[in-house]
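Chain by chain, the residues run as shown.
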Amino acid sequence: MEDAHSWPSRQDTPQHACSRADVGRTFGVTFDHGEDFFEALAIFCRDNGVCQGYVPLFIGAFVEDEIVGACEKLADLDAPVWAKTSVTNVEAFGAGTLAHDPANGEILPHIHVSAGLKAQSADGTTSHLLSAKVQLLSELLIVEVTSPTMTRPRNPDLYDVPLLTFG
């Protein structure tokens, strides 16, 4: 019988990046009806000096939003999808990370949502959020990460995708 406390050796596991995250402040935040979700997020971060962190969850509604998605057959199933699809009048639940862009001092959010189409029996869709306009209210928890520095450089060897890095 294997020891319950033994772990596979590093060469037997997939490579991944990890770092201890030291957290700072935690905020409860609301965005109001009609606000651009990403613009409101950037303003909140600037006004509160949050350069990086994560959004463990948010709930709310969007009158319109764009998420990553394609209707046509994909030529390369391993490649990221850069196409977008528009959905309207949704209830949304999401989470994400906020990386720091050292070149301009702004945040680089990476947010994913599951959104139910209210007018279509709450039929749902899930993907990477590209843009959104708040309907009524969005409620977020935002946790600041004080170290290490979280950046999102593009990886030219992996379809030029911006990947979260620590250090």
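Placed above this text is the structure.
Not measured: the values here are computed from a predicted model. (Residues numbered from 1 in each chain as written. Predicted model: local features only at pLDDT ≥ 70, side-chain atom pairs only at ≥ 80, totals over all residues. Heavy atoms only, no water.)

**A look at the packing of aromatic side chains**
Here comes step 1: Under the definition given, this model contains six aromatic pairs.
Here comes step 2: Judged by centre distance (5.1 Å) and plane angle (40°), the rings of Phe 37 and Phe 58 are tilted. Taken together, the positions of Phe 37 in helix H1 (residues 37-48) and Phe 58 in strand E2 (residues 53-68) put the pair 21 residues apart, joining distant regions of the chain. Residues Phe 37 and Phe 58 agree in their burial class; the two are buried.
Here comes step 3: Aromatic pair Phe 37 and Phe 62: ring centres 5.6 Å apart, planes at 80°, arrangement edge-to-face. Taken together, the positions of Phe 37 in helix H1 and Phe 62 in strand E2 put the pair 25 residues apart, joining distant regions of the chain. Accessibility assignment for this pair places Phe 37 and Phe 62 in one class, buried.
Here comes step 4: Feature note: the residues Phe 31, Phe 37, Phe 38, Phe 58 and Phe 62 constitute an aromatic cluster, connected by ring pairs. (Phe/Tyr/Trp six-rings, centres within 6.5 Å; stacked < 30°, edge-to-face > 60°. Helix = DSSP H or I, 4+ residues; strand = E, 2+ residues; numbered from the N terminus. Buried < 20%, exposed > 50% of the residue type's maximum accessible area, 1.4 Å probe, protein only.)

**Remarks on the layout of surface pockets**
Here comes step 1: Size it by volume and the largest pocket reaches roughly 550 Å³.
Here comes step 2: What lines the largest pocket is a set of 20 residues, and nearest its centre among them are Trp 82, His 110, His 128, Leu 130 and Pro 162.
Here comes step 3: Of all elements in the fold, only strand E4 (106-117), strand E5 (123-147) and strand E8 (161-162) reach the threshold of two or more residues within the lining of the largest pocket.
Here comes step 4: Examining the composition of the lining of the largest pocket, we find that six residues originate from one element, E4, more than from any other.
Here comes step 5: Per-class residue counts for the lining of the largest pocket are 14 nonpolar, four polar and two charged.
Here comes step 6: Counted as a void, the second largest pocket has a volume near 190 Å³.
Here comes step 7: If you go around the second largest pocket, the residues you meet are Phe 38, Ala 42, Cys 45, Arg 46, Val 50, Cys 51, Gly 105, Glu 106, Ile 107 and Pro 109.
Here comes step 8: Within the residue set of the lining of the second largest pocket, elements represented by two or more residues are H1 and E4.
Here comes step 9: With four residues, H1 is the single largest residue contributor to the lining of the second largest pocket.
Here comes step 10: Of the residues belonging to the lining of the second largest pocket, the class tally is seven nonpolar, one polar and two charged. (1 Å grid on protein atoms, 1.4 Å probe; cavity = no way out; pocket = protein on both sides within 12 Å on 5 of 7 lines; lining within 4 Å. Points joined across faces, edges and corners; volume = space filled by probe spheres on them. Nonpolar A, V, L, I, M, F, W, Y, C, P; charged D, E, K, R; others polar.)

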